[in-house]
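Listed below are the residues making up each chain.
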Amino acid sequence: MANKWSATALFDRLSHVSLGGSTCLYSLETCEKMVPLINEILELKERQDAIILAHSYVSPEILVTVADAVGDSYELSLKAKQATEKTIVFAAVKFMGETAKLLNPEKQVLIPSQKNGCSLADSITQSQVKQLRSEYPDHTFVCYINTTAEVKAECDVCVTSSNVTQIVSQIDNDKIYFLPDRLMGQNLVNELAEKGVKKEVKYWDGTCYVHEDYDPELVAYIRQKHPKAAIVSHPECSESVVALSDYVGSTSQMMNYVKEHEADQYFLLTECGLTSRLQTEVPNKQFIGSCSMCKYMKSNTLDGILQTLKEPESAININIDQRIQKKARSCIDAMFDYNQPIKR
Ligand code: 13P
Ligand code: SF4
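Residues numbered from 1 in each chain as written. Chains lettered and ligands numbered in written order. Predicted model: local features only at pLDDT ≥ 70, side-chain atom pairs only at ≥ 80, totals over all residues. Heavy atoms only, no water.

Participant: I'd love a proper account of the environment of glutamate 150, names of residues and values included.
Facilitator: Here glutamate 150 shows up in helix 7 (residues 149-153). Exposure remark for glutamate 150: the relative accessible area of 34% places this residue in the partly exposed category. For the pair formed by glutamate 150 and valine 129, sequence separation is 21 residues and the distance between their alpha carbons is 9.5 Å. Setting aside its immediate chain neighbours within four residues, glutamate 150 contacts Gln126 and Ile324. (Helix = DSSP H or I, 4+ residues; strand = E, 2+ residues; numbered from the N terminus. Buried < 20%, exposed > 50% of the residue type's maximum accessible area, 1.4 Å probe, protein only. Contact = heavy atoms within 4.5 Å.)

Here it is as structure tokens:
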């Protein structure tokens, strides 16, 4: 029988969450309204043998209550690979649900939100990759996990923000085509040069609309206003922002940096769900700066998750064509092989 939440316990967990300013986003009243939904989700999840995976960018009331696993895209793909439940409910965006389905073709994978795109995944199509492959036949095609299953099916190896440099460094070809993120591609070129790895890297022109918005002037302003703050950015930010940062990493790497670093103040240049998550997990540290939200990640709600469990047919049920499934799966498996071989 699932443990039940009370409004006071929930308010206690969320009382440090603020966006930008210092005012708590949650009141006891909002928590009172959320608790019946949360408890119903917990009960249904157990009854229907479902696991809920949630990316760190979704709303904190989902992360702290109903999610069985919270993480970055690499960690969540590992969780999806290890899941034993019949159904995976993925509170994130569609490409992450597709990755879960590629790893678990026999399971039902449901996405609670109808607005589940991603400006990176939507920036390139399968036929564009086919065209690029004919233009660059000698290149190894490396795709960021933020791509559709069809795009993965045309690529050689998938990477995430936590392993891109490490994997590209190991590829036995000095000609790489990286897609779809131009900014991450430029950061990759710089990191490889710093490590003394010689590769010719071409890249596609996609961007994450959330991360590309950060500019070096804002970072310089924060640096001047808060000289003691550690500035931490995601590799989807521009190279000029990355150059001014104290640390660059995937969402989970940023989170670990904050937890382990001695500074009291942080400015996180990423979707502000990560800041909200850290406000619940390390309430003694202070987070400054503006808040940028991903409209796709934030369209996941408790209502949507409850509806998905009550009426699975109302949710997006991920289905992948068999031929795409086989090719895209080997692109993802290549990542696990490069990264850290785990039992299949
Ligand atoms: P992570 O790989 O850090 O989870 O990033 C995914 C993402 O969509 C960032 O915008
Ligand atoms: Fe895509 Fe950017 Fe949203 Fe991440 S934050 S899901 S890259 S649009």
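After presenting the structure, the write-up continues.
Participant: Describe in detail the site of ligand 1, supporting the description with residues and values.
Facilitator: All residues in the neighbourhood of ligand 1 are listed as His55, Tyr57, Asp72, Ser73, Tyr144, Asn146, Ser161, His211, His234, Glu236, Ser250 and Thr251. Taking serine 73, its side chain carries an N or O atom lying 2.5 Å from an oxygen atom of ligand 1. Threonine 251 is positioned such that a nitrogen or oxygen atom in its backbone is 2.9 Å from an oxygen atom of ligand 1. Within the complex, 96% of the 300 Å² of free accessible area of ligand 1 lies under protein. Among the detected pockets, ligand 1 sits in the largest cavity. Looking at the shell around ligand 1, its residues break down into two nonpolar, eight polar and two charged. (Near = heavy atom within 4 Å. Polar contact = N/O pair within 3.5 Å; in protein donor to acceptor, adjacent residues only side chain to side chain. Areas by Shrake-Rupley, 256 points an atom, 1.4 Å probe, with all protein chains shown as cover. 1 Å grid on protein atoms, 1.4 Å probe; cavity = no way out; pocket = protein on both sides within 12 Å on 5 of 7 lines; lining within 4 Å. Sits in = over half its atoms within 2 Å of the grid points. Nonpolar A, V, L, I, M, F, W, Y, C, P; charged D, E, K, R; others polar.)

Participant: An account of the nonpolar core is needed here, citing residue identities and associated values.
Facilitator: In this structure, Leu10, Val66, Ile88, Phe90, Phe178 and Leu179 are the most contacted members of the largest nonpolar core, which totals 93 residues. The contacts of isoleucine 88, once residues within four sequence positions are left out, are Ile51, Leu53, Ala80, Ala83, Ala100, Asn104, Lys107, Gln108, Val109 and Leu110. Grouped together as the second largest cluster of nonpolar side chains are 13 residues, Met254, Val258, Leu274 and Leu278 included. (Core = buried A, V, L, I, M, F, W, Y, C linked by side-chain atoms within 4.5 Å.)

Participant: Please give an account of the state of the cysteines that cites residues and values.
Facilitator: As enumerated under the stated definition, the model contains one disulfide in all. Bridging cysteine 272 to cysteine 291, the disulfide has an S-S length of 2.0 Å. Taken together, the residues cysteine 272 in helix 13 (residues 272-281) and cysteine 291 in the loop between strand 12 (286-287) and helix 14 (302-310) connect sequence positions 19 residues apart. Given the relative accessible area of 4%, cysteine 272 is considered buried. Judged by its relative accessible area of 29%, cysteine 291 falls in the partly exposed class. (Disulfide = S-S within 2.5 Å.)

Participant: I'd like to hear about the packing of helix 5 (residues 94-103) against helix 15 (residues 322-339), residue by residue, with values.
Facilitator: Relative orientation of the contacting elements helix 5 and helix 15 amounts to 95°, with a least axis distance of 9 Å. When the axes of helix 5 and helix 15 are compared, the pair comes out roughly perpendicular. Contacts between helix 5 and helix 15 involve Thr99, Lys101, Leu102 and Leu103 on the former and, on the latter, Gln325, Ala328, Arg329, Ile332 and Phe336. When the residues that make up the contact of helix 5 with helix 15 are grouped by side-chain class, the tally is five nonpolar, two polar and two charged. (Axes fitted to C-alpha atoms, helices over the stretch in contact; angles between N-to-C directions. Parallel < 35°, antiparallel > 145°, perpendicular 65-115°, else oblique.)

Participant: Outline the sheet that holds strand 5 (residues 140-144), listing residues and values.
Facilitator: Sheets are built from strands that pair by backbone hydrogen bonding, the pairs being arranged parallel or antiparallel. Spatially, the four strands line up as an open sheet ordered 6-5-7-8, and their pairing is parallel. This sheet does not close on itself; its edge strands, each paired only once, are strand 6 (157-159) and strand 8 (200-203). Going from strand to strand, the sheet's axes swing by 30° on average, the running direction of each strand aside. Judged from the four bridges that link them, strand 7 (residues 175-179) and strand 8 form a sheet pairing that is parallel. Residue lysine 175 lies in a different strand from strand 8, and its bridge partner there is glutamate 200. Its contacts with the sheet place helix 9 (residues 182-194) against strand 5, strand 7 and strand 8, and it is angled at close to 170° to strand 8. (Pairing = 2+ DSSP bridges.)

Participant: Outline the site of ligand 2, supporting the account with residue identities and numerical values.
Facilitator: Looking at ligand 2, the residues that line it are Tyr57, Cys118, Ser119, Leu120, Asn146, Cys208, Tyr209, Val210, Glu236, Cys294, Tyr296 and Met297. Of all the cavities here, the one that holds ligand 2 is the largest cavity. A class-by-class count of the residues in the shell around ligand 2 yields nine nonpolar, two polar and one charged.

Participant: Provide a residue-level description of unusual backbone geometry, including the pertinent values.
Facilitator: Cis peptide bonds are those with omega within 30 degrees of zero, and the linkage from leucine 179 to proline 180 qualifies with 0°. Along the chain, proline 180 falls in the loop between strand 7 and helix 9. For aspartate 49, which is not glycine, the phi torsion reads 50° and is therefore positive. Turning to its location among the elements, aspartate 49 is positioned in the loop between helix 2 (28-47) and strand 1 (50-55). With relative accessibility at 36%, the residue aspartate 49 sits in the partly exposed group.

Participant: Give a detailed account of the packing of aromatic side chains, specifying residues and quantitative values.
Facilitator: For the coordinates displayed, the defined rule picks out seven aromatic pairs. With a centroid separation of 5.1 Å and 5° between ring planes, the pair formed by phenylalanine 141 and tyrosine 177 is classed as stacked. With a gap of 36 residues between them, phenylalanine 141 in strand 5 and tyrosine 177 in strand 7 connect regions that are remote in the sequence. Looking at lysine 295, its charged tip hangs above the ring of tyrosine 209, at a distance of 5.3 Å from the centre. (Phe/Tyr/Trp six-rings, centres within 6.5 Å; stacked < 30°, edge-to-face > 60°. Lys NZ or Arg CZ within 6 Å of the ring centre and 35° of its normal.)

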